Protein chains: 2
Amino acid sequence: MTTSFRFAVNVTPKPGILDPQGRAVEGSLRHLGIAGVSAVRVGRRVELTVDAPTEREARETVDHLATELLSNPLIESYAVENVGAASSARAQEPVA
Amino acid sequence: MTTSFRFAVNVTPKPGILDPQGRAVEGSLRHLGIAGVSAVRVGRRVELTVDAPTEREARETVDHLATELLSNPLIESYAVENVGAASSARAQEPVA
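Note that this is a predicted model, so its numbers are computed, not measured.

I keep staring at the confidence of the model for chain A and nothing clicks. Help me out?
Detailed reading of the predicted model is not advised wherever pLDDT is low. Residue and element names in this part refer to chain A. Confidence in the prediction for chain A averages 89 pLDDT; 88% of positions are at 70 or higher. Every residue in residues 86-96 scores below 50 in pLDDT, and together they form 23 contacts with partners more than four places removed in sequence or on other chains. The ipTM, which scores confidence in the relative placement of chains, is 0.83 for this predicted complex, and the corresponding pTM is 0.84.

When you look at the packing of aromatic side chains in this model, what are you seeing that I'm missing?
Both the distance between ring centres and the angle between the ring planes are used here to describe each pair of aromatic rings. Residue and element names in this part refer to chain A. The full count for this structure, using the stated rule, is two aromatic pairs over all chains. Consider the rings of Phe5 and Phe7, whose centres lie 6.5 Å apart with planes at 35 degrees: the pair is tilted. Phe7 carries the same exposure label as Phe5, and that label is buried.

Would you take a moment to explain the sheet that holds strand E1 (residues 3-13) of chain B for this structure?
Taking strand neighbours across the sheet as the criterion, the six strands line up as E3(A)-E1(A)-E2(A)-E2(B)-E1(B)-E3(B) in an open arrangement whose pairing is antiparallel. Where the open sheet ends on each side, the last strands, each with one partner, are strand E3 (76-82) of chain A together with strand E3 (76-82) of chain B. This sheet shows a mean twist of 25 degrees between the axes of neighbouring strands, independent of strand direction. Where E1 of chain B and strand E2 (residues 37-52) of chain B come together, nine bridges link them in antiparallel fashion. In the strand pairing of E2 of chain B, Val9 of chain B is matched with Val46 of chain B.

I'm lost on the pairing of E2 of chain B in this one. Help?
As a general feature of sheets, a regular strand has side chains that alternate between the two faces. Where burial is concerned, most of E2 of chain B is hidden: 14 out of the 16 residues are buried. By the bridge criterion, 11 bridges tie strand E2 (residues 37-52) of chain A to E2 of chain B in an arrangement that is antiparallel. Looking at E2 of chain B, one finds that Arg44 of chain A is bridged to Arg44 of chain B.

Could you clarify how one ought to interpret helix H1 (residues 20-32) of chain A in this entry?
Each full turn of the α-helix corresponds to 3.6 residues, which orients residues three or four apart in the same direction. With 13 residues, H1 of chain A extends 19 Å between its outermost C-alpha atoms, agreeing within 8% with the 18 Å of an ideal straight helix rising 1.5 Å per residue. The complete set of buried residues in H1 of chain A reads Gly22, Val25 and Leu29 of chain A. Taken end-on, H1 of chain A shows its buried residues confined to a sector of 60 degrees, consistent with a single buried face. Away from the buried face of H1 of chain A by more than 90 degrees, exposed residues Pro20, Arg23, Arg30 and His31 of chain A are located. Against the buried residues of H1 of chain A lie E2 of chain A together with helix H2 (55-70) of chain B. Immediately downstream of H1 of chain A, the backbone of Gly33 of chain A shows phi near 70 degrees, a positive value.

What exactly am I supposed to notice about the interface of chain B and chain A here?
Accessible area lost during the coming together of the parts is what is often quoted as the interface size. The partner chain A presents 40 residues to the 40 residues of chain B that form the contact. Together, the buried faces of chain B and chain A total about 3400 Å²; carbon and sulfur atoms form 61% of this surface. Here chain B is connected to chain A by zero salt bridges. In this assembly, chain B and chain A are joined by 10 residue pairs in polar contact (both at pLDDT 80 or more). Counting residues per element, the ones that place at least two in the side of chain B that touches chain A are E1, helix H1 (20-32), E2, H2 and helix H3 (88-92) of chain B. With 15 residues, E2 of chain B is the largest single contributor of residues to the side of chain B that touches chain A. The residue inventory of the side of chain B that touches chain A, partitioned by class, reads 18 nonpolar, 12 polar and 10 charged.

Rules used in this analysis
- Residues numbered from 1 in each chain as written.
- Chains lettered and ligands numbered in written order.
- Predicted model: local features only at pLDDT ≥ 70, side-chain atom pairs only at ≥ 80, totals over all residues.
- Heavy atoms only, no water.
- pLDDT = per-residue confidence, 0-100.
- Contact = heavy atoms within 4.5 Å.
- Phe/Tyr/Trp six-rings, centres within 6.5 Å; stacked < 30°, edge-to-face > 60°.
- Buried < 20%, exposed > 50% of the residue type's maximum accessible area, 1.4 Å probe, protein only.
- Pairing = 2+ DSSP bridges.
- Helix = DSSP H or I, 4+ residues; strand = E, 2+ residues; numbered from the N terminus.
- Axes fitted to C-alpha atoms, helices over the stretch in contact; angles between N-to-C directions.
- Expected span 1.5 Å × (residues − 1).
- Arc of directions from axis to C-beta.
- Buried area = accessible area lost by both parts, 1.4 Å probe.
- Salt bridge = Lys/Arg side-chain N within 4 Å of Asp/Glu carboxyl O.
- Polar contact = N/O pair within 3.5 Å; in protein donor to acceptor, adjacent residues only side chain to side chain.
- Nonpolar A, V, L, I, M, F, W, Y, C, P; charged D, E, K, R; others polar.

Take a look at the structure:
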């Protein structure tokens, strides 16, 4: 018996690491007439469904995936978020 | 007087929209020997600091930015998260 768990992995550039996308956003702010915005950092957000017997095992799978495939541990850090089972992505791509 | 608010904008492909990055992650799973993972969706996570008199005004700035610059409303949806003032990005790039 397995249960489906839905997670989000937030991957962000580590402090001190250059973030060209964040700088590009900051450079566009004045063209949009937006003031007061600073310290922009652009990362990735990966949402996924894991089928596992327990939430702990599901989290282990997510951690494995996050370090091996979703992030570059040298320059990025990640945080795992439990986003519940009922997500739009599941509705669209049902778990087999 | 303004206060600094730290937000994260999570941008995800809308249901029904193709997500080539998500498919690429799914295609790599078997090489890593990871089973039970499905419905992978890859989006962006943008963290930023907004200086504004009230949190409501700060949120309005974030919404403006999210629709104009950070997401493509035709194919992506976004959600705004309050992540508090004390973030690593602020420590690295102090608010002017």
